Amino acid sequence: MSTTIQQRVIPDSMVNLDCCPLLQRIYHSRGIQSSIELELSLKHLHHVNLLKGVDAAASRIADAICKQSQIMIIGDFDADGATSTALCMLALRDLGAKHIRYLVPNRFDFGYGLSPEIVDVAAEQHAELIITVDNGIACVDGVERARQHGIDVVITDHHLAGEALPNATAIVNPNQPECQFPSKHLAGVGVAFYVMLAVRQQLVSVNWFRSQSIPEPNLANYLDIVALGTVADVVKLDHNNRILVHQGLQRIRSGQCRAGITAILSVAKRKPQALVASDLGFAVGPRLNAAGRLDDMSLGIECLMTEDDEHAASIAESLNQLNVQRREIETEMQQEAELAIASVRLDGEIPRGLALYEPQWHQGVIGIVAGRIKERFYRPTIAFAHQDEHVVKGSARSIPGVHIRDVLDQVNTENPQLIEKFGGHAMAAGLSLKKENLSAFEAAFQSVLNKTVAADVFSPVIESDGQLLAEEYDLSVAELLKQAGPWGQGFPEPVFDAEMILVSQRVVGEKHLKVRLVGPCGLSLDGIHFNMDQDSWPMSGQPSVRVVFTLDVNEFRQQRSLQLLIKHIELQTNGKDLNG
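Every value quoted in this text rests on a predicted model; they were computed, and no experiment measured them. (Residues numbered from 1 in each chain as written. Predicted model: local features only at pLDDT ≥ 70, side-chain atom pairs only at ≥ 80, totals over all residues. Heavy atoms only, no water.)

Novice: Looking at this model, I keep getting lost on the overall build of the protein. Mind explaining?
Specialist: Looking only at helices and strands, the protein features 17 helices and 17 strands. Taken over the C-alpha trace, the protein has a radius of gyration of 24 Å; the compact-globule value for 580 residues is 25 Å, and the two agree within 12%. Considering only C-alpha atoms, the protein reaches an extent of 75 × 55 × 50 Å along its principal axes. When burial is assessed residue by residue, the protein has 53% of its 580 residues classed as buried. Long-range contacts, defined here as pairs at least 24 residues apart, represent 67% of the contacts in the protein between residues at least 6 apart. Carbon and sulfur atoms make up 47% of the accessible area of the protein, which totals about 25500 Å². Of the side-chain charges in the protein, 51 are positive and 70 negative, and the distance between the mean point of each set is 3 Å. (Helix = DSSP H or I, 4+ residues; strand = E, 2+ residues; numbered from the N terminus. Rg over C-alpha atoms; globule rule 2.2 N^0.38 Å. Buried < 20%, exposed > 50% of the residue type's maximum accessible area, 1.4 Å probe, protein only. Contact = heavy atoms within 4.5 Å. Areas by Shrake-Rupley, 256 points an atom, 1.4 Å probe, with all protein chains shown as cover. Lys, Arg positive; Asp, Glu negative; His and termini not counted. Charge placed at Lys NZ, Arg CZ, Asp CG, Glu CD.)

Next up, the structure:
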């Protein structure tokens, strides 16, 4: 599969950003137009009052606190849902609520969101107010069931709204119609954080804290949780989200962190003092997610909520073991998926979209497998698993240029009886359908992709920030770039490319390639390529290669050195791609 390395576009007119030329180039190519966009203090956050529905939501929640009503948080079973749930539980407690509980629908029994069935459970537990976090915008039937029980519902969500909105007491979602909030990329935990700010504002206005002789809480204490959920949910790191993530990272680095996050970092062998956003995404998030994928997300929520270091360490170890188990299941499923793809290649070509199903696949892992297959073959991928005797559940991951939720919407429009339900974002979505409709769905899926997406979208493109000067291959530059973020979705970590000589290579950790390279001006450089396709490794000679990489800091035996973290490598002599 041919990969295009494309230089990022730098605007013709650039403003002075008061930083070194390298960083100026990087920031400009990511759309930064003023130094204000690099200011990451809390005072630059968009104001809470810009969120549609937030006043009504805050008023209803504040009233429940003042009356000490029974409040039930209904969360989701991923990291964003877990962090949102933990944040609301902790914040409401600090705001003075005494009767707060949470429910996270078990994905195997209830499925996603505020279903009528989970509302019935909440009613049995005497809930008087339900607050949804990271779900609810599509739960029309669930809200109606709550009304039948006499339970008010406040929805806090960030997913795209459908044609019909639930008849809730209040809806707070930057992506609902007519919401003027400038950042449409808040994660569920970001929305929940804003709602808690509004609730505090409302309680101050009614003199609640003084009348109850309780301190007005500093909700910034929970920004470590907000940062974790924001990064783990892979939402775009626009200016507002970068502020939230930066502030959370600062708290973690300084030791002002929840015991549970500290414990997960410990089992993941990450140093809090040197933490960057990608550590939250690749080390903490997956371990938290493992609870919801294989067992019960309550385990992850309890890890975030506990204030006892020993208890946190015990839960973190359990989460780590679940993550090991998840990886084993994922590996087996991915191998089966790749065998299935090999059998459906058309004249050597892979279909534009991949819809894969095996009856024995684990429902909690299909999202990860869809993501792995998407990365491996650069195709929008949907992995399906058995939900019950008649229904299969699918998890979709997409590529740039293919808005997967819009694709599913068009499939649904053209084939109204095919999909039972669906929802999601541009890059990820979920759906369910009857097992007997799988073949018809796959045909409709391919048809929409063939009609609506240009062929060149299915060729992988790596965007590069260009070449480095010889003096920029330096440990201090690597450290500067690490601290210049936070980097993430929509604000990617700086990536560079160069022609080099591959001097030596060896396998480490069974599947990683450790290399020695000669770069510009004869520089000797170390690099590592994680999870490289073993069949494609060059085995002899000292070939000329084109390398795409980030500058990384390698720590070994308390020594820090520059290392290239290789994203892509290909031979220059015949264009052979060494990534498979």
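Novice: I would appreciate a short explanation of the side chain of Thr306 in the present structure.
Specialist: In this structure, Thr306 sits in the loop between α12 (298–305) and α13 (309–344). Among the polar contacts listed, one links the side chain of Thr306 to the backbone nitrogen of Asp308, at a separation of 3.1 Å. Ignoring sequence-local partners within four residues, the contact set of Thr306 consists of Arg258, Ala259, His311 and Ala312. (Polar contact = N/O pair within 3.5 Å; in protein donor to acceptor, adjacent residues only side chain to side chain.)

Novice: In this structure, what is going on with the pattern of salt bridges? I would like to understand it.
Specialist: For side chains of opposite charge, pairing can occur when their charged atoms come near one another. Summed over all chains, the structure comprises 22 salt bridges. A salt bridge links Arg326 to Glu330; the shortest N-O distance between them is 2.4 Å. Of the two residues, Arg326 and Glu330 are both situated in helix α13; the distance of four residues between them amounts to about one turn of the helix. Accessibility expressed as a relative area gives 5% for Arg326, which makes it buried. The partner of Arg560 in a salt bridge is Glu555, with the nearest N and O atoms 2.7 Å apart. A relative accessible area of 39% places Glu555 in the partly exposed class. (Salt bridge = Lys/Arg side-chain N within 4 Å of Asp/Glu carboxyl O.)

Novice: Would you mind going over the side chain of Gln563 with me for this structure?
Specialist: The residue Gln563 is located in strand β17 (residues 559–571) in this model. Of note is the side chain of Gln563, whose polar atom sits 2.8 Å from the side chain of Lys514. Contacts of Gln563, omitting those with residues within four sequence positions, involve Lys514, Asp526, Gly527, Ile528, Thr550, Leu551, Asp552 and Asn554.

Novice: Could you clarify how one ought to interpret the sheet that holds strand β2 (residues 71–74) in this entry?
Specialist: Sheets are built from strands that pair by backbone hydrogen bonding, the pairs being arranged parallel or antiparallel. In space, the five strands of this open sheet follow the order β3-β2-β4-β5-β6, with parallel pairing throughout. In this open sheet, the two edge strands, each paired with only one partner strand, are β3 (100–103) and β6 (170–172). Taking each pair of neighbouring strands and ignoring which way they run, the sheet shows an average axis angle of 20°. In this sheet, β6 lies alongside strand β5 (residues 152–156) in parallel orientation, the contact comprising three bridges. By the bridge assignment for β6, Val154 is matched with Ala170. (Pairing = 2+ DSSP bridges. Axes fitted to C-alpha atoms, helices over the stretch in contact; angles between N-to-C directions.)

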